[in-house]
There are 2 protein chains.
Amino acid sequence: MTVLMDGRKLSKKIKEQLRVRVEKLEKSAGIVPRLVVIMVGQDAASQIYVRNKQQAAKKIGIQTIDNMLPEDTKEEEILNLIYEYNEDPNIHGILVQLPLPAHINEENVTHAILPAKDVDGFHPVNMGHLFMNAPHSLPCTPRGIMELFKEYEISPKSKNVVIIGRSNIVGRPMAALMINADATVTIAHSKTLNLSKLTQQADIVIVATGQPQMLTGEDIKKDAVVIDVGMNRLPNGKLVGDVDQASIDGIASYLTPVPGGVGPMTIAMLMKQVVEFAERSVKNDC
Amino acid sequence: MTVLMDGRKLSKKIKEQLRVRVEKLEKSAGIVPRLVVIMVGQDAASQIYVRNKQQAAKKIGIQTIDNMLPEDTKEEEILNLIYEYNEDPNIHGILVQLPLPAHINEENVTHAILPAKDVDGFHPVNMGHLFMNAPHSLPCTPRGIMELFKEYEISPKSKNVVIIGRSNIVGRPMAALMINADATVTIAHSKTLNLSKLTQQADIVIVATGQPQMLTGEDIKKDAVVIDVGMNRLPNGKLVGDVDQASIDGIASYLTPVPGGVGPMTIAMLMKQVVEFAERSVKNDC
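These numbers were taken from a predicted model, which means no experiment stands behind them.

A. Highlighting the domain arrangement of chain A. Taken as a whole, chain A is organised into domain 1 (31-116) and domain 2 (140-263). Computed over C-alpha atoms only, the centres of domain 1 of chain A and domain 2 of chain A are separated by 29 Å.

B. Fine view of the relation of the copies chain B and chain A. The transformation that overlays chain B on chain A combines an axial shift of 0.0 Å with a rotation of 180°, and the residual RMSD is 0.0 Å. The operation mapping one copy onto its partner corresponds to a two-fold rotation axis. Both copies contact each other with a shared surface, as 100% of the interface residues of chain B are interface residues in chain A too.

C. Region of interest: the side chain of B:Asp219. Residue and element names in this part refer to chain B. Along the chain, Asp 219 falls in the loop between strand 7 (204-207) and strand 8 (225-228). Despite being buried, Asp 219 has no salt bridge partner; Lys 197 is the closest side chain of opposite charge, sitting 14 Å away. Setting aside residues no more than four positions away along its own chain, Asp 219 makes contact with Ser 196, Thr 199, Gln 200 and Met 214.

D. Spotlight on the sheet that holds strand 6 (residues 184-188) of chain A. Spatially, the 12 strands line up as an open sheet ordered 1(A)-11(A)-8(A)-7(A)-5(A)-6(A)-6(B)-5(B)-7(B)-8(B)-11(B)-1(B), and their pairing is mixed. In the strand order of this sheet, the two ends are held by strand 1 (3-4) of chain A together with strand 1 (3-4) of chain B, each with one partner. Note that strand 5 (residues 160-164) of chain A and strand 6 of chain A share 5 bridges and pair parallel. Bridging across to strand 6 of chain A, A:Ile163 finds its partner in A:Ile187.

E. A look at the pattern of salt bridges. On inspection of all chains with the given rule, the structure shows 18 salt bridges over all chains. Across the pair A:Asp182 and B:Arg166 runs a salt bridge whose closest N-O atoms are separated by 2.8 Å. With A:Asp182 in the loop between helix 7 (171-180) and strand 6 and B:Arg166 in the loop between strand 5 (160-164) and helix 7 (171-180), this pair bridges two chains. On the basis of relative accessible area, B:Arg166 is assigned to the buried category, the value being 18%. Its salt-bridge partner being B:Glu151, residue B:Lys13 comes within 3.0 Å of it at the nearest N-O pair.

So, how was this worked out
- Residues numbered from 1 in each chain as written.
- Chains lettered and ligands numbered in written order.
- Predicted model: local features only at pLDDT ≥ 70, side-chain atom pairs only at ≥ 80, totals over all residues.
- Heavy atoms only, no water.
- Domains from an automatic or database assignment.
- Least-squares fit on C-alpha atoms with pLDDT ≥ 70 in both.
- Contact = heavy atoms within 4.5 Å.
- Helix = DSSP H or I, 4+ residues; strand = E, 2+ residues; numbered from the N terminus.
- Buried < 20%, exposed > 50% of the residue type's maximum accessible area, 1.4 Å probe, protein only.
- Lys, Arg positive; Asp, Glu negative; His and termini not counted.
- Salt bridge = Lys/Arg side-chain N within 4 Å of Asp/Glu carboxyl O.
- Pairing = 2+ DSSP bridges.

And the structure:
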């Protein structure tokens with residue numbers, strides 16, 4: 001029997017713990033965690049993400065400062081906004097919703113955020129610290145996956161972990177976290193040959209390719225743990241992951257469902273990072 | 001027959017090319033590349049390394065500014081020295097010879113170097129850029145290995161590469177370079193189980209463990225490429241790598257000898273980075 005790893009339930013539990021921490025922080029230090037959200041343009045998916053983040057923040061007691069900017073905003077204006085928030089001691093986290101319109105250089109913008117306020121963990125210096133096993137700020141999706149492992153008491157130590165996908169947002173930081181956790185890690189991607197042979201030998205498979213239902217029951221060994229980072233809309237409107245869940249069911253020991261697995265954890269981790277940054281700001285004052 | 005990859009010959013060729021570039025740079029822009037070397041204490045091995053670097057620099061036309069500091073130098077003094085060189089436009093690269101005495105925090109010191117003058121590529125922001133596939137400055141040993149691949153026309157694309165060792169100096173940056181070069185990369189280490197089974201499936205094995213002659217002919221498949229980063233002194237005084245070269249000979253298609261393989265490439269890459277930094281300083285002036 002395959003156990004479904006319930007990201008909704010765990011994220012709820014974490015958010016409730018965060019709510020208590022926020023309450024305590026306000027009582028003990030008079031500090032309300034503040035997250036700046038910058039969004040440019042009207043991308044429909046981004047609007048949903050941003051709304052979800054705002055709602056999660058509100059429930060926890062994190063104040064969000066929303067900057068919904070028009071499509072034609074200049075890069076310089078966004079940079080100046082970020083510089084201001086970088087300087088403002090009342091702001092603990094800054095989030096720029098991606099993608100940005102084509103005329104704006106995403107790297108310039110995300111790299112302008114002060115690393116200490118980089119809640120997404122996308123700044124090169126934060127990525128470097130993570131890669132060197134001294135993390136300061138972590139990309140939220142990989143961090144959420146590590147929390148799922150902890151909750152279900154699955155230790156990656158000495159396990160063979162195959163990660164499919166090498167993006168800066170998921171695959172690479174996931175690999176770094178797994179190396180740091182003593183797993184033997186293989187990073188596979190679009191140029192990998194004989195992928196199925198690799199995944200068949202893995203104790204843990206993490207799929208982040210954006211290819212609907214690419215991993216099937218034939219690709220894994222009995223009792224493997226399968227983490228599905230995908231979120232794809234089929235032509236018939238159905239939402240599916242990168243894993244063919246029906247054929248995996250009964251073979252894997254654990255599986256994250258889509259929806260309700262990795263997705264909810266990402267937002268919970270974003271919130272956790274904001275609260276941690278706010279807590280650190282108190283310590284730094286002492 | 002196993003081809004020995006001749007790092008001495010290739011490093012000589014590269015250093016000769018660098019000499020020409022340095023000559024050109026001086027003629028066209030009046031700039032002499034300048035490398036600051038900071039060494040603290042009297043570590044015997046470090047003294048040899050530093051001397052080798054100075055000699056290589058001299059031959060190429062790179063000027064070295066040597067700071068041989070006494071064992072009891074305070075961390076603050078070293079930091080202040082680095083800050084001065086960071087500001088000095090006539091200095092293109094800064095190198096701190098490791099290890100440092102125990103009372104000095106190596107991280108504080110190496111992270112104080114301006115990333116644009118970080119010839120070793122050890123600064124987190126440089127490591128982050130490398131990991132995110134937009135490298136600015138590269139750790140010298142992994143870079144030297146990539147040059148050997150290029151010279152012998154071995155493409156890592158779609159190859160199964162197993163890297164044994166996960167240090168910040170070799171294993172991790174090597175993994176990043178190989179992922180960026182489209183290889184399927186497995187990072188193994190002291191917590192890996194069934195290492196031999198992994199290496200037997202690899203097209204390329206890179207060993208950086210510091211364990212004398214740990215990889216033998218039984219651990220690799222026929223015609224694998226084997227890169228030996230090790231440099232160990234046996235009790236009988238003999239210098240050996242992490243690979244048992246005698247038993248690999250005849251099975252591997254390519255092998256880097258110890259000495260004379262990876263070692264000479266590391267210094268050549270350090271020199272290359274100094275020259276590149278000096279060349280960039282001209283472009284930045286325009």
